[in-house]
Amino acid sequence: MKPFESTELNHAAIASQEWRLNNLYYVLNEQGKNVKFEMRPLQKNFYDNMWYRNILLKSRQIGGTTLIELMGLDSAIFIKNFRVVVVAHKKDDAANILETKAMHPYLNLHPEIRERFKLVEANKTNMKFSNGSSIEVATSGRSGTSQFLHISEFGYTAANRPEAAREILSGSLPGVHEGGLVFIESTAEGSEGLFFDLCQTSHNMKKEKRHLAETDFKFHFYGWHQKESNVLTKEDTGLVHIPKRLEQYFDDLKTKQNIITSPEQQAWYTSQQGVLQQMMLKENPSTPEEAFQAS
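Here the structure is a predicted model, which means the values were calculated and not measured.

Lay out the packing of helix α3 (residues 41-49) against helix α4 (residues 64-78) in plain terms, naming residues and giving numbers.
Here α3 crosses α4 at 50°, and the two axes come no closer than 10 Å. Taken together, the axis directions place α3 and α4 in an arrangement best described as oblique. Seen from above, α3 lies across α4 with right-handed handedness. Counting all contacts with α3, which are made through Gln43, Phe46 and Tyr47, the residues of α4 involved are Leu67, Ile68 and Met71. For the contact of α3 with α4, a count of residues per class yields five nonpolar, one polar and no charged.

Any details on unusual backbone geometry? Residues and values, ideally.
Backbone geometry places Asn81, a non-glycine residue, at a positive phi of 55°. Summarising the element assignment, Asn81 is placed in the loop between α4 and β4 (83-87). Residues other than glycine seldom take positive phi values, yet Asn258 does so here, at roughly 60°. One can find Asn258 in the loop between α11 (244-257) and α12 (263-276). Exposure remark for Asn258: the relative accessible area of 63% places this residue in the exposed category.

For the sheet that holds strand β9 (residues 176-186), give the residues involved together with the corresponding values.
One open sheet holds the eight strands; their spatial order is β5-β6-β7-β4-β8-β9-β3-β10, and the pairing between them is mixed. Only two strands of the sheet have a single neighbouring strand rather than two, namely β5 (119-122) and β10 (217-221). Within this sheet the neighbouring strands show an average axis-to-axis angle of 15°, counted without direction. Strands β4, β8 (146-152) and β9 of the sheet are contacted by helix α8 (residues 162-172), whose axis makes an angle of about 170° with β8.

Can you break down the packing of α4 against helix α5 (residues 91-107) residue by residue, with the values?
Relative orientation of the contacting elements α4 and α5 amounts to 50°, with a least axis distance of 10 Å. Our classification of the angle between α4 and α5 gives oblique. The hand of the α4/α5 crossing is right-handed. On α5, the residues touching Thr65, Thr66, Glu69, Leu70, Leu73 and Ile77 of α4 are Ile97, Lys101, Ala102, Pro105 and Tyr106. Here the residues of the contact of α4 with α5 are counted per class, giving seven nonpolar, two polar and two charged.

Criteria and thresholds
In this convention, every chain numbers its residues from 1, walking through the sequence in written order. Confidence filtering applies because this is a predicted model: local features only for residues at pLDDT of at least 70, side-chain atom pairs given and counted only at 80 or more, and all residues used for totals across whole chains, interfaces and linings. Water and hydrogen atoms were dropped before computing side-chain values, which therefore reflect all heavy atoms in the structure. Under this scheme, a helix contributes an axis fitted over its contacting stretch, all axes are lines through C-alpha atoms, and angles between N-to-C directions fall in the 0 to 180 degree range. For the purposes of this entry, the term helix denotes a DSSP run of H or I that reaches at least four residues, the term strand denotes a run of E that reaches at least two, and both are numbered from the N terminus. For classification purposes, an angle smaller than 35 degrees is called roughly parallel, one larger than 145 roughly antiparallel, one from 65 to 115 roughly perpendicular, and anything else oblique. In a left-handed crossing the near helix is turned counterclockwise from the far helix by less than a right angle, and in a right-handed crossing that turn is clockwise. By definition, residues are in contact when any of their heavy atoms lie within 4.5 Å. Gly counts as polar in this scheme, as do all residues outside two lists: the nonpolar Ala, Val, Leu, Ile, Met, Phe, Trp, Tyr, Cys and Pro, and the charged Asp, Glu, Lys and Arg. Throughout this description, buried means an accessible area under 20% of the type-specific maximum (1.4 Å probe, protein chains only), exposed means over 50%, and partly exposed covers the range between. DSSP-based pairing: two strands are paired if at least 2 bridges between them are found.

Treat this as a map of the structure, not an account of what it does.
Here it is as structure tokens:
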């Protein structure tokens, strides 16, 4: 790692969180390799358009969780007495989020930055910094005030443990300080329950272009076709046979949804659909309605 010059650390750009996110952190990519984080187009779009409270209906591997956790980590490091709370649907997932999405990027910061913003306590459920800030993970709602709340895979919790889902919302949302940030993200898990209701309400507000109050949730959705890596090479594309039912599907996307897909995207979708079968619409939906229809 090259020396991190003090002039660079003290440069005016350091005041910008977007600059810090794109220049200071290393993350594990889909192949498990340690790489410098730079926002991909969908992550940049989400960052530019986020609100105080956000609902993210996910397609597979768009990087939403990574970006949200990096924002929480960065805020805890650079803002004094900033409390980040992460609620996951399983205990192991909570620990994994803390280890891979927060601890790993922190430990891979340049030593000069870690020396300035020291980690004073760490275990499987929390990280505490010398500036009074902390990141805490759990599987249920927490009392007390926080400035940043991330509820991961809430659709799963709402579908399988509805009482726990209600407790998470009633126990964690009221504790978010005025002006704080809330992120609820998940794949679709059935066309009923709290996550479905939140998505429906926020999606309708978006379609109606209604003005959002600070306590309203803003709806975010990114379909499989918006991820730039969801393509096959031209050589592999020529080897994929697209059945007539999928030809009709891609034609319907174009005529009914104005979603235009390339041959390379269509070949990728066909190859994935052959593996995931009925799970394809849930894991890689083209529209929000399709995601819940599949579930």
